[in-house]
Amino acid sequence: MRANDHRFGLAAEAYVFGYPLVSSVRLLERYAGGGLGSRGNTGFNYFDHQWELPGPRSSFVSLEADLLSSIALVDLAVGPVILKVPTDPEPPLLVVFTDLWRNVFAYVGSAGITGAESPVPSSYILVPPGWTRRLPVGFVPIEAPTRLLIVTARIALDSPQDADLVHHRQDALRLFPLNPHGPAAPGPPPFTSTICEDLRFWEELRMWLAAFPPASAEVEYARRFAPLGLFDDPSPYVDPDPSLAWSLRGGLRAGRDGLERLVHAGRALRGGWSSTPHALDFNIDFFGPGTRDDPAWRIADRQHGRLARAILARQPVGPTHGYRSLRASCLFDADGRRLTGAHRYTLDLAPPPDGASWSLTMHDYPDYYLVDNPLSRYWLGSRTKGLRTRPDGSVRLFLQCEPPSDDDELANWLPTAPGDFRPTLRVDGPGPAVLDDSYAPPTIQRID
């Protein structure tokens, strides 16, 4: 085998391995420089809040209409960082911690979302990798796998009238360095601008692999890519060897195309619903507060886990393990026909077992925008005020573009797009009965 043929295959494999890291740092740089929502340039170690109510034209990225989010980019180059969270149980709050390799390694928050027992501690301390100095007492330590993190807080929004209460909880979120006189957060190492654009991925991976190494169990695997120049210094990509450049360019395309073909792998489809409750199970190295170190929630095969990690990295940062929130989306009715606003549908939902709560959010398709409608109603759920339920606690939802002709059905009407649409069901705090592999939401019935 020629050397460049060997390096071509290595490059395709290295793309899948390194894509989660590169995509995460690129996202973090864009957020740090351009802002996350209403406050513009956010910087590091500071929460930016979604103040506006979710809607079809929301500027703050949100796929769920019954939550308001706050996001912080954390840089632990300044040393340990203290996190303060509100402790009142209502409205429920969940804080998700994600490192640059897309490992969701910790959760904190209200019992209603996290399943934790009250009272929830109010003070945590985020600890940099390799930190050996003594930490102050009175804080729950959360050890970070990488120096840079994304911290996402989600707070339940039961109705627009509750916005002020949610904003009050957002304001109570605090981040500040343990050492107030330490250096400013530097962020990620800057990209070398003299690199050709089509080799940029490799230069970023070279720099960021050194700055944000993977789990120790993955270091030996990463060394396999040394023939690609990923561990060289100075950069081999400024004036690259032509055969190396050929391998890197072609290998990137092959790795990217292969990832595209795998993007729908592992999606369970039952009764028109699809879900990926185990999409985060590639993290088998870091288990902080609120996570489950359980074989049922780990991908034991590391190669399988690397593919799952790369697939997950195509999505926005912030998803949760299925044992925290189970999500399912639907494109087809009970007879396998595409859901469309040209028809009317019903969905009969029984109360989720084990005390879980549910919400159903309506999106258009093929995009993922909330559906504009005269009521500004984008979701219904078990916490919705005025929802009509049966004596057994079950509820019939009416999914259609135009309002129901029967006024008694209006309270349970979730407006759809006039074209194709995609409802998303979320079950918070799912118990064993929901997490069983045989569980599936009820089918959506067409009634015209």
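Quantities reported herein were computed from a predicted structural model and do not represent experimental measurements.

A. How the structure looks around the sheet that holds strand 1 (residues 47-49). With respect to topology, five strands assemble into an open sheet ordered 1-2-8-4-5, the strand pairing being antiparallel. Edge strands, defined here as strands with exactly one partner in the open sheet, are strand 1 and strand 5 (104-109). Within the sheet, the average angular offset between the axes of one strand and its neighbour, ignoring direction, is 20°. Across three bridges, strand 1 lies against strand 2 (residues 67-75) in antiparallel orientation. Bridging from a neighbouring strand, His49 pairs with Ser70 of strand 2.

B. The arrangement of helix 4 (residues 200-211) in detail. With twelve residues, helix 4 extends 17 Å between its outermost C-alpha atoms, agreeing within 8% with the 16 Å of an ideal straight helix rising 1.5 Å per residue. For helix 4, a buried count of nine out of twelve residues is recorded, marking the element as mostly surrounded by other parts of the structure. Phe201, Trp202, Glu203, Glu204, Leu205, Arg206, Met207, Trp208 and Leu209 are the residues of helix 4 that are buried.

C. Fine view of the pattern of salt bridges. A complete count under the given rule lists 26 salt bridges for this structure. The shortest N-O distance in the salt bridge between Arg147 and Asp75 comes to 2.7 Å. Linking Arg147 in the loop between strand 7 (140-143) and strand 8 (148-156) with Asp75 in strand 2, this pair joins segments that are 72 residues apart in sequence. Note on accessibility: Arg147 and Asp75 belong to one class, buried. Between Glu197 and Arg200 there is a salt bridge, with its nearest N and O atoms 3.7 Å apart.

D. Highlighting the packing of aromatic side chains. Applying the stated criterion to the full structure yields twelve aromatic pairs. Ring plane angle 70° and centroid distance 5.3 Å describe the contact between Phe17 and Tyr221, whose orientation is recorded as edge-to-face. With Phe17 in helix 1 (residues 3-34) and Tyr221 in helix 5 (residues 216-223), this residue pair connects regions lying 204 residues apart in the sequence. Tyr221 sits in the buried class, given a relative accessible area of 12%. Taking 6.2 Å as the distance between ring centres and 50° as the angle between the ring planes, the aromatic pair formed by Phe97 and Phe105 counts as tilted. For the pair Phe97 and Phe105, one class covers both residues: buried. Taken together, the aromatic side chains of Tyr15, Tyr19, Phe201 and Trp202 make up a single cluster linked through ring pairs. It is Arg306 that lies over the ring of Tyr221; its NZ or CZ is 3.5 Å from the centre.

E. The arrangement of the UniProt feature "domain: DUF1214" (unreviewed entry) in the protein in detail. Within the UniProt annotation, "domain: DUF1214" (unreviewed entry) is assigned to residues 331-430. What you have in residues 331-430 is 0% helix and 33% strand, and the ends, taken at the C-alpha atoms, are 23 Å apart.

F. Representation of the packing of helix 5 against helix 7 (residues 302-312) within the structure. Across the interface, helix 5 lies against helix 7 with an axial gap of 12 Å and an inter-helix angle of 90°. Put simply, helix 5 runs roughly perpendicular to helix 7. In this structure, helix 5 uses Ala217, Glu218 and Tyr221 to contact helix 7, whose residues at the interface are Arg302, Gln303 and Arg306.

G. Fine view of the layout of surface pockets. Counted as a void, the second largest pocket has a volume near 380 Å³. Taken together, 18 residues line the second largest pocket, and the ones lying closest to its centre are Ser159, Pro160, Ser376, Arg377 and Trp379. A class-by-class count of the residues in the lining of the second largest pocket yields eleven nonpolar, four polar and three charged.

H. Local environment of helix 5. Along helix 5, the residues classified as buried are Glu218, Tyr221 and Ala222. Seen from one end, helix 5 has its buried residues packed into an arc of 100°, which puts them on one side. Residues of helix 5 that are exposed and point over 90 degrees away from its buried face: Ser216 and Glu220.

I. Looking closely at the nonpolar core. Core analysis: the biggest nonpolar cluster contains 45 residues, and Tyr15, Leu21, Trp202, Phe225, Leu228, Leu230 and Leu248 have the highest contact counts within it. At the level of elements, helix 1, strand 2, strand 8, helix 4, helix 5, helix 6 (242-262) and helix 7 are the ones that each hand at least two residues to this core. Per-element accounting of this core gives the leading share, 14 residues, to helix 1. Those residues in contact with Leu21 that sit more than four places away from it in its chain are Leu100, Trp101, Leu205, Trp208, Leu209 and Phe212.

J. Inspection of unusual backbone geometry at higher detail. Cis geometry is adopted by the peptide bond preceding Pro234, which originates at Asp233 and carries an omega value of 10°. Inspection of the secondary structure assignment puts Pro234 in the loop between helix 5 and helix 6. We note that Asn45 has phi near 60°; this positive angle belongs to a residue other than glycine. In this fold, Asn45 is placed in the loop between helix 1 and strand 1. Residues other than glycine seldom take positive phi values, yet Arg102 does so here, at roughly 70°.

K. Structural view of the sheet that holds strand 7. Read from one edge to the other, the open sheet built from four strands follows the order 7-6-3-9, with strand pairing classed as mixed. Each edge of the open sheet carries a strand with a single partner, namely strand 7 and strand 9 (174-177). Ignoring strand direction, the axes of neighbouring strands in this sheet form an average angle of 25°. Inspection of the sheet shows strand 3 (residues 81-84) paired to strand 9 by four bridges, in the antiparallel sense. Bridged to Leu83 within strand 9 is Leu175.

L. Molecular detail of the environment of Arg338. Structurally, Arg338 can be placed in the loop between strand 12 (325-330) and strand 13 (345-349). Here the alpha-carbon distance between Arg338 and Pro190, two residues 148 residues apart in the chain, equals 46 Å. If we ignore the near neighbours within four places in the chain, the residues touching Arg338 are Leu331, Phe332, Tyr345, Tyr365 and Asp420.

How each quantity is defined
- Residues numbered from 1 in each chain as written.
- Predicted model: local features only at pLDDT ≥ 70, side-chain atom pairs only at ≥ 80, totals over all residues.
- Heavy atoms only, no water.
- Pairing = 2+ DSSP bridges.
- Helix = DSSP H or I, 4+ residues; strand = E, 2+ residues; numbered from the N terminus.
- Axes fitted to C-alpha atoms, helices over the stretch in contact; angles between N-to-C directions.
- Expected span 1.5 Å × (residues − 1).
- Buried < 20%, exposed > 50% of the residue type's maximum accessible area, 1.4 Å probe, protein only.
- Salt bridge = Lys/Arg side-chain N within 4 Å of Asp/Glu carboxyl O.
- Phe/Tyr/Trp six-rings, centres within 6.5 Å; stacked < 30°, edge-to-face > 60°.
- Lys NZ or Arg CZ within 6 Å of the ring centre and 35° of its normal.
- UniProt positions renumbered as here; feature names shortened; annotations may be inferred.
- Parallel < 35°, antiparallel > 145°, perpendicular 65-115°, else oblique.
- Contact = heavy atoms within 4.5 Å.
- 1 Å grid on protein atoms, 1.4 Å probe; cavity = no way out; pocket = protein on both sides within 12 Å on 5 of 7 lines; lining within 4 Å.
- Points joined across faces, edges and corners; volume = space filled by probe spheres on them.
- Nonpolar A, V, L, I, M, F, W, Y, C, P; charged D, E, K, R; others polar.
- Arc of directions from axis to C-beta.
- Core = buried A, V, L, I, M, F, W, Y, C linked by side-chain atoms within 4.5 Å.

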